[in-house]
Amino acid sequence: MSLRKFERPVEFRIKDFVIDPTQDLLIILEAGWARLHIQTLSPDAIQTHPLAMQNVLEFGTGPGGTISLEVAGDAVGLFINKGFGYVRPRLLIWNWKTGDLIYDSNFIKEKLSESISSFAFLNQNSFMLTAAGGNGTLYLYSFEPTAPGLSIPVLCAILRLPSVPTSIAILYQLDIHSSPIHSGHCENLSFCNPPDSHMVVLSARYAIDSRIPGLSEQCSFFVHKRTFLGYINQFQHVDIGVPDMEWKRWGEMNTRFLKTTSGRSNFCVHGDRIALYNSNTHSITIFNFNMPSSMSISEVPTYRLHDEPSSEYPYNISTRLPYYSTSCELGERFLNCMIDTERIIGLKKVEANNMALYIYDFSR
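Predicted model only: the values in this text are computed from it and were never measured.

Parameters and conventions
- Residues numbered from 1 in each chain as written.
- Predicted model: local features only at pLDDT ≥ 70, side-chain atom pairs only at ≥ 80, totals over all residues.
- Heavy atoms only, no water.
- Helix = DSSP H or I, 4+ residues; strand = E, 2+ residues; numbered from the N terminus.
- Buried < 20%, exposed > 50% of the residue type's maximum accessible area, 1.4 Å probe, protein only.
- Contact = heavy atoms within 4.5 Å.
- Areas by Shrake-Rupley, 256 points an atom, 1.4 Å probe, with all protein chains shown as cover.
- Salt bridge = Lys/Arg side-chain N within 4 Å of Asp/Glu carboxyl O.
- Axes fitted to C-alpha atoms, helices over the stretch in contact; angles between N-to-C directions.
- Nonpolar A, V, L, I, M, F, W, Y, C, P; charged D, E, K, R; others polar.
- Pairing = 2+ DSSP bridges.
- pLDDT = per-residue confidence, 0-100.
- Polar contact = N/O pair within 3.5 Å; in protein donor to acceptor, adjacent residues only side chain to side chain.
- Arc of directions from axis to C-beta.
- Patch = residues over 30% accessible without salt bridge, like charges linked within 9 Å, V, L, I, M, F, W, Y side chains within 5 Å.

How should I be thinking about the overall build of the protein chain in this particular structure?
Helix and strand counts for the protein chain stand at two helices and 27 strands. Counting all 364 residues of the protein chain, 48% fall into the buried class. Restricting to contacts in the protein chain with at least 6 residues of sequence separation, those with at least 24 account for 53%. For the protein chain, the exposed surface amounts to about 18,800 Å²; the carbon and sulfur share of it is 51%.

Would you explain the pattern of salt bridges in this entry?
Oppositely charged side chains may form a pair once their charged atoms are brought near each other. This model, assessed by the stated rule, comprises seven salt bridges. A salt bridge links Glu-30 to Arg-35; its shortest N-O distance comes to 3.0 Å. Its relative accessible area of 6% is what places Glu-30 among the buried residues. The closest approach of N and O atoms between Asp-244 and Arg-160, which form a salt bridge, is 2.7 Å. Highlighted residues: Asp-244 in strand S16 (residues 244–245) and Arg-160 in strand S12 (residues 154–160), separated in sequence by 84 residues.

How do you make sense of the packing of helix H1 (residues 225–235) against helix H2 (residues 247–254) when you look at a structure like this?
In a packed pair of helices, the relevant descriptors are the angle between the two axes and the axis-to-axis distance. In contact at an axis separation of 11 Å, H1 and H2 are set at 145° when each is read in the N-to-C sense. Contacts between H1 and H2 pair Thr-227, Phe-228, Tyr-231 and Phe-235 from the former with Arg-249, Trp-250 and Asn-254 from the latter. Counted by class, the contact of H1 with H2 contains four nonpolar, two polar and one charged residues.

Would you mind going over the sheet that holds strand S18 (residues 267–270) with me for this structure?
Adjacent strands of a sheet form backbone hydrogen bonds with each other and so pair up, either parallel or antiparallel. The strand order across the open sheet built from five strands is S18-S19-S20-S24-S21, with neighbouring strands paired in antiparallel fashion. The two strands at the open ends of the sheet, each matched to only one other strand, are S18 and strand S21 (304–306). Neighbour to neighbour, the strand axes of the sheet diverge by 20° on average, direction disregarded. Bridge count for strand S19 (residues 273–278) against strand S20 (residues 283–288) is six bridges, and the pairing is antiparallel. Along S20, the bridge assignment pairs Tyr-277 with Ile-284.

What is the right way to look at the confidence of the model for the protein chain in this model?
Predicted coordinates in areas of low pLDDT are best not read in detail. Here the protein chain averages 82 in pLDDT, while 84% of its residues score no lower than 70. S21 is the least confidently modelled element of the protein chain, averaging 75 in pLDDT, while strand S11 (residues 137–142) averages 97, the highest of any element. Scored below 50 in pLDDT, residues 293–301 makes nine contacts in the model with residues more than four places away or belonging to other chains.

Any chance you could explain the environment of Asn-233 here in plain terms?
Relative to the elements of secondary structure, Asn-233 occurs in helix H1. For the pair Asn-233 and Ser-142, spaced 91 residues apart in sequence, the C-alpha to C-alpha distance is 9.0 Å.

Can you help me understand the side chain of Asn-95 in this one?
Among the structural elements, Asn-95 can be located in strand S7 (residues 90–95). Since its relative accessible area comes to 3%, Asn-95 is described here as buried. Residues within four places of Asn-95 in sequence aside, it is in contact with Asp-74, Asp-100, Ile-102, Pro-145 and Thr-146.

How should I be thinking about the environment of Gln-218 in this particular structure?
Take Gln-218: it is sitting in strand S15 (residues 216–224). Sequence separation between Gln-218 and Ala-207 is 11 residues, and the spatial gap between their C-alpha atoms is 9.0 Å. In this structure the side chain of Gln-218 is engaged in a polar contact, spanning 2.6 Å, whose partner is the side chain of Arg-205.

Is there a simple way to explain H2 in this structure?
Because an α-helix packs 3.6 residues into every turn, residues spaced three or four apart end up facing the same way. Among all positions in H2, only Trp-247, Trp-250 and Gly-251 are buried. All buried residues of H2 lie within an arc of 110° about the axis, which places them on one face of the element. In H2, those exposed residues whose orientation departs by more than 90 degrees from the buried face are Lys-248, Arg-249 and Met-253.

Quick question: what am I supposed to make of a nonpolar patch on the surface here?
Residues Leu-335, Leu-347, Met-355, Leu-357 and Ile-359 make up a contiguous nonpolar surface patch of roughly 440 Å² in combined accessible area. Examining the composition of the nonpolar patch, we find that three residues originate from one element, strand S27 (residues 355–361), more than from any other. With respect to the helices, strands and loops of the structure, Leu-335 is situated in the loop between strand S24 (323–329) and strand S25 (336–339).

Explanation requested: the pairing of S18 in the structure shown.
Two faces belong to every sheet, and in a regular strand the side chains alternate between them. Both faces of S18 are covered, namely the face carrying Phe-267 and Val-269 and the face carrying Cys-268 and His-270. Two elements, S18 and S19, share four bridges in a ladder whose sense is antiparallel. Across the sheet, Cys-268 pairs through a bridge with Ala-275, a residue of S19. Between the end of S18 and the start of S19, which pair antiparallel, lie two residues, with Gly-271 showing a positive phi angle near 60°.

In structure tokens, the structure reads:
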């Protein structure tokens, strides 16, 4: 695999960035300032994006808490979690082409609840928020990406996670992992995702013994993104109140709940496959939720089929979403891993200030 290197000078410190290679788009969050820079991804002399009417988007105060930056089509979203001066979370959504601020949770009457913990786009006109309070809640919204000014997203559905007795465990963190959303055609581009097949991983951390501070366990809910989009399409134009769906109504058949031990940085989602790297054992497990009716287990001999109901002890949460899984030892300790359709790529520190990429090919 040959790599072409180019450098681009940046006159400010970078806090975070997001890309969409199908739009030749690079959006950079400037560190220390409340500014987003809209640029091209390709190594051209002209850095400003030709479709952006404004090259810099500003939003008042600098992000002091944990941030999440995402792009989906014409929309770019910035989620700022509470902390470092923020008393409650804040979500901002722009149309990066027109420069219009579509939504700012600080400028509406009903601001985001303090329990909101994470954000992710589901497609270019819908998103999801999670709340870690109680047993955990998912909020599904639709919005208009071409709105000429501030508007209020439509809350389409509320989905509840399963009840776990507080004597067993207490949920205190709920994060979202999902594939980047690419708006254009991305065939033959590495790390692009098939548009019709995406998984969402809800990473839940439970405190399992209040007598021992810091003793916790990480579990994950695996859900097809089309499940959430189906509820949005079903309810966004129905004027009967927002449906509030308990776990038994939506969760058991549409999810798979598993204990996972790796931290957030070791999750990588690509389409309907999820890679989970364990830095302690130097091994990687791949979960494949692509279950075509024509595929038999003999056609994927390296994968194990899981199509029976499961319930992880002691949570007593029954789930039935089928999947394949396979594990292997990589023999190296990586800082992080990435997966695409054909490869696993591991990032390893080899010397004091040097990094190396290790590439594993599925097809060989």
